[in-house]
Amino acid sequence: MTKIAVVYYSSTGNTHQIAQALAQGAEDAGAEVRLRRVAETAPDAAIDANPAWRAHADSVADVPLATPDDLEWADGYALGTPTRFGTPSAQLKGFIDTLGGLWATGKLANRGATAFTSAQNTHGGNESTILTLFNVFSHFGAVIVPPGYTDPLLFAAGGNPYGTSVASGGDADAASDAALAAARYQGRRLAEISAKITS
């Protein structure tokens, strides 16, 4: 059975929604999936200043925290993050920075890898954030698995060939049905391609 790790950071819930849908798509393709969030590193004062952030942080307290072991276990992995000035969040970057040991021993190489994101608006850095994660995957020696334009349903979700992205408009849990369908497709594709890579 193909093993997929979906590792993400979400502050108000949009990236969490995509992560859940992507994990579901991988499961629908027959994969065993670990859905993991990275640790919150923002101070409580910052979180408490935004009620949506606090509500989301409290609601995902039972989602297991990601560890490097989750990526070592996986045949393929997906990383997700809200965009921060066109780049990944500090929380996800902090997790990536713990992976040096696995990288140095080649344990992240030759696996499927994909990415997803959210931003307040369509041109708020979605594509550049995913492309930044593609740089990370290249250093890992992973096989990047973008959705491309491999299914017509992707156009209804905005047509991002790099990965599922959501323009939240500043709202929490704003992923549309079309975006969630695109994320499920991306998860299925990751599982299917990862199975071919590792067979």
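Named according to an unreviewed UniProt entry, the protein is NAD(P)H dehydrogenase (Quinone) originating from Klenkia soli. Here the protein is described in UniProt, under the heading Sequence similarities (unreviewed entry), as follows: "Belongs to the WrbA family."

Caption draft 1: Molecular detail of the overall build of the protein. The number of helices and strands found in the protein is nine helices and seven strands. Its C-alpha atoms give the protein principal-axis dimensions of roughly 50 × 40 × 30 Å. Within the protein, the fraction of its 199 residues that count as buried is 50%. Put simply, of all contacts in the protein between residues at least 6 apart along the chain, 79% involve residues at least 24 apart. A total of about 8,600 Å² of accessible surface is found on the protein, and carbon and sulfur atoms cover 52% of it. The averaged location of the 19 negative side-chain charges in the protein is 7 Å from the averaged location of its 13 positive side-chain charges.

Caption draft 2: Region of interest: the environment of D171. Relative to the elements of secondary structure, D171 occurs in the loop between strand 7 (165–167) and helix 9 (177–198). Along the sequence, D171 and T12 sit 159 residues apart, while their C-alpha atoms lie 8.1 Å from each other.

Caption draft 3: Spatial organisation of the pairing of strand 5 (residues 112–119). A large share of strand 5 lies buried, amounting to eight of its eight residues. Side chains of strand 5 alternate between two faces, with G112, T114, F116 and S118 and A113, A115, T117 and A119 buried alike. Strand direction decides the pairing type here: strand 3 (residues 76–84) and strand 5, joined by seven bridges, are parallel. Opposite L79, over in strand 5, you have A115 as the bridge partner. Judged from the two bridges that link them, strand 5 and strand 6 (residues 143–144) form a sheet pairing that is parallel. What sits directly across from A113, in strand 6, is I144.

Caption draft 4: Layout of the packing of aromatic side chains. Scanning all chains against the criterion turns up four aromatic pairs. Ring centres of Y77 and F140 lie 6.4 Å apart, and the angle between their planes is 75°; this geometry places the pair in the edge-to-face category. Here the residue Y77 occupies a position in strand 3, and F140 occupies one in helix 7 (residues 126–140), the gap between them amounting to 63 residues. F140 carries the same exposure label as Y77, and that label is buried. A connected cluster of aromatic rings, assembled from ring pairs, spans Y77, F134, F137 and F140. Here R34 stacks its cationic end above the ring of W73, 4.1 Å away from the centre of that ring.

Caption draft 5: Fine view of the UniProt feature "domain: Flavodoxin-like" (unreviewed entry) in the protein. Taken from the UniProt record, the annotation "domain: Flavodoxin-like" (unreviewed entry) applies to residues 4–190. Its end C-alpha atoms 8 Å apart, residues 4–190 is made of 43% helix and 19% strand.

Reading guide: rules and limits
- Residues numbered from 1 in each chain as written.
- Predicted model: local features only at pLDDT ≥ 70, side-chain atom pairs only at ≥ 80, totals over all residues.
- Heavy atoms only, no water.
- UniProt positions renumbered as here; feature names shortened; annotations may be inferred.
- Helix = DSSP H or I, 4+ residues; strand = E, 2+ residues; numbered from the N terminus.
- Buried < 20%, exposed > 50% of the residue type's maximum accessible area, 1.4 Å probe, protein only.
- Contact = heavy atoms within 4.5 Å.
- Areas by Shrake-Rupley, 256 points an atom, 1.4 Å probe, with all protein chains shown as cover.
- Lys, Arg positive; Asp, Glu negative; His and termini not counted.
- Charge placed at Lys NZ, Arg CZ, Asp CG, Glu CD.
- Pairing = 2+ DSSP bridges.
- Phe/Tyr/Trp six-rings, centres within 6.5 Å; stacked < 30°, edge-to-face > 60°.
- Lys NZ or Arg CZ within 6 Å of the ring centre and 35° of its normal.

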